[in-house]
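# Residue-level structure breakdown
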Amino acid sequence: MICIIKAEFIKLKRLHILLIGMIGMTFPSILSIFTQKVSIPEKQIGNFDFTTLFNHTIWNSTTIFMPVIFTLIGGYLINLEYKDDTLKNLFTIPISFPRLIYGKLIAMGIISILLGYYSYFITLIVSYITGLTVPDLTALLKGFEQMTVISLCTFISVLPIIVFTSRKPDAFMSGVVVSFLFGYFSMFIKNATLRSIYPILSGLTIIRFDTNQYMNTSGSGSFAISLITMAILLLLTNLLIIMSYSGNAHT
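Presented here is an overview of the structure given in this document. It should be emphasised that the depicted structure is a prediction, and the values quoted were computed from it without experimental measurement.

Let us now look at the overall build of the protein. When its secondary structure is counted, the protein shows 11 helices and zero strands. The secondary structure elements of the protein, listed N-terminal to C-terminal, are α-α-α-α-α-α-α-α-α-α-α. Within the protein, the fraction of its 251 residues that count as buried is 49%. Sequence-distant contacts, at least 24 apart, represent 79% of the contacts inside the protein between residues at least 6 apart. When the accessible surface of the protein is summed, it comes to about 12,500 Å², and 69% of that surface belongs to carbon and sulfur atoms.

This is the structure:
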């Protein structure tokens, strides 16, 4: 499995898809600053500091950018096996196709977290350039921890979409569209229990993110239900892999 993961990272060195992901993850913090600047005075936030910028970045990333980017890169990695016609090579090596898929998804999980870190440091740079007040080290570490968890949770949220829409060559782009809608519609779910169940928002519940400013909600979601949601998504992903790719297994 480690060899498969290493191979995926080696492939990424010569692929432009990762650059697209990095460009995409640059936008959440920039969009946050732009929205603040162009808003009418009554809608602008008075004490707009790094913490506020970071919260806006988390919100924009989780509901718009991360689902799309993670599905795009993850689906692309799987689609390479169809595009480059490398599936026939599985006949000559002791590895099943489901195992290959697991390796690709684990690699994508690592990439998702790394892209989250990238977005975090971009937010620091944007904060410095725009002269925003930076909080103490404790707040910075908390933000780093939140970005780690929300990146992983958002990736888990779109895992079933990646697997399901990558069963056929070039079909992964439909998954990108589904993930965009998946994130977009999360903005309209205000009920606390539903926010714990809805995958995209359950990650925000896990990191104790206050959605009141963004969704006009009251009451926090359930941490336990959100963890169960993540577990169910992992189980669903596993079942989809077994059902969709076992027929391609060659051991």
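Positive phi outside glycine occurs at aspartate 170, with the angle close to 65 degrees. When you line up the elements, aspartate 170 lands in the loop between helix 6 (137–165) and helix 7 (172–185). Positive phi values are uncommon outside glycine, yet arginine 208 reaches one of about 60 degrees. With respect to the helices and strands, arginine 208 occurs in the loop between helix 9 (199–206) and helix 10 (212–215).

What follows concerns the side chain of aspartate 49. Within the secondary structure layout, aspartate 49 lies in the loop between helix 3 (27–38) and helix 4 (50–83). Among buried charged residues, aspartate 49 stands out as having no salt bridge; its nearest opposite-charge side chain is lysine 142, 12 Å away. Separated by 3.0 Å, the side chains of aspartate 49 and threonine 52 make a polar contact. If we skip the residues at most four places from it in the chain, aspartate 49 touches Leu132 and Thr133.

Another aspect to go through is helix 9. Within helix 9, eight of the eight residues are buried, leaving the element largely enclosed by the surrounding structure. Within the span of helix 9, buried status applies to Pro199, Ile200, Leu201, Ser202, Gly203, Leu204, Thr205 and Ile206. Within two residues after helix 9, arginine 208 carries a phi angle of roughly 60 degrees, on the positive side.

If you look at the biggest cluster of nonpolar residues, it comprises 55 residues, and the most contacted ones within it are Ile58, Phe70, Leu105 and Leu204. For this core, the secondary structure elements donating two or more residues are helix 1 (2–12), helix 4, helix 5 (97–129), helix 6, helix 7, helix 9 and helix 11 (223–245). Considering each element in turn, this core owes the most residues, 15 residues, to helix 4. By size, the runner-up hydrophobic cluster in this structure holds six residues, among which are Ile33, Ile122, Val126 and Leu132.

In this section: the environment of methionine 147. Within the secondary structure, methionine 147 is located in helix 6. Taking relative accessible area as the criterion, methionine 147 reaches 0% and is therefore assigned buried. Residues contacting methionine 147, with those up to four places away along its chain left out, are Phe54, Ile58, Met66, Gly116, Tyr117, Ser119 and Tyr120.

Contact pair helix 1 / helix 5: the axes reach a minimum separation of 8 Å and the direction vectors enclose 60 degrees. Taken together, the axes of helix 1 and helix 5 are oblique relative to one another. Of the two possible hands of crossing, helix 1 and helix 5 adopt the one that is right-handed. For the pair formed by helix 1 and helix 5, the contact residues are Ile4, Ile5, Glu8, Phe9, Lys11 and Leu12 on the first element and Arg99, Leu100, Gly103, Lys104, Ile106, Ala107, Ile110, Ile111 and Leu114 on the second.

Moving on, we get to the packing of helix 1 against helix 4. The contact between helix 1 and helix 4 brings their axes to 12 Å, and the two run at 90 degrees. One finds that helix 1 runs roughly perpendicular with respect to helix 4. On helix 4, the residues touching Glu8, Lys11 and Leu12 of helix 1 are Leu77, Leu80 and Glu81.

A separate point is the packing of aromatic side chains. Tallied over the full model, the rule gives 15 aromatic pairs. Ring plane angle 70 degrees and centroid distance 5.7 Å describe the contact between tyrosine 184 and phenylalanine 185, whose orientation is recorded as edge-to-face. With relative accessibility at 35%, the residue tyrosine 184 sits in the partly exposed group. One aromatic cluster is present, formed by Phe50, Phe54, Tyr117, Tyr120, Phe121 and Phe144 through successive ring pairs. Positioned above the aromatic ring of phenylalanine 164, the side-chain terminus of arginine 167 is 3.9 Å from the ring centre.

Criteria and cut-off values
Residues numbered from 1 in each chain as written. Predicted model: local features only at pLDDT ≥ 70, side-chain atom pairs only at ≥ 80, totals over all residues. Heavy atoms only, no water. Helix = DSSP H or I, 4+ residues; strand = E, 2+ residues; numbered from the N terminus. Buried < 20%, exposed > 50% of the residue type's maximum accessible area, 1.4 Å probe, protein only. Contact = heavy atoms within 4.5 Å. Areas by Shrake-Rupley, 256 points an atom, 1.4 Å probe, with all protein chains shown as cover. Lys, Arg positive; Asp, Glu negative; His and termini not counted. Salt bridge = Lys/Arg side-chain N within 4 Å of Asp/Glu carboxyl O. Polar contact = N/O pair within 3.5 Å; in protein donor to acceptor, adjacent residues only side chain to side chain. Core = buried A, V, L, I, M, F, W, Y, C linked by side-chain atoms within 4.5 Å. Axes fitted to C-alpha atoms, helices over the stretch in contact; angles between N-to-C directions. Parallel < 35°, antiparallel > 145°, perpendicular 65-115°, else oblique. Left-handed = near helix turned anticlockwise from the far one by under 90°. Phe/Tyr/Trp six-rings, centres within 6.5 Å; stacked < 30°, edge-to-face > 60°. Lys NZ or Arg CZ within 6 Å of the ring centre and 35° of its normal.

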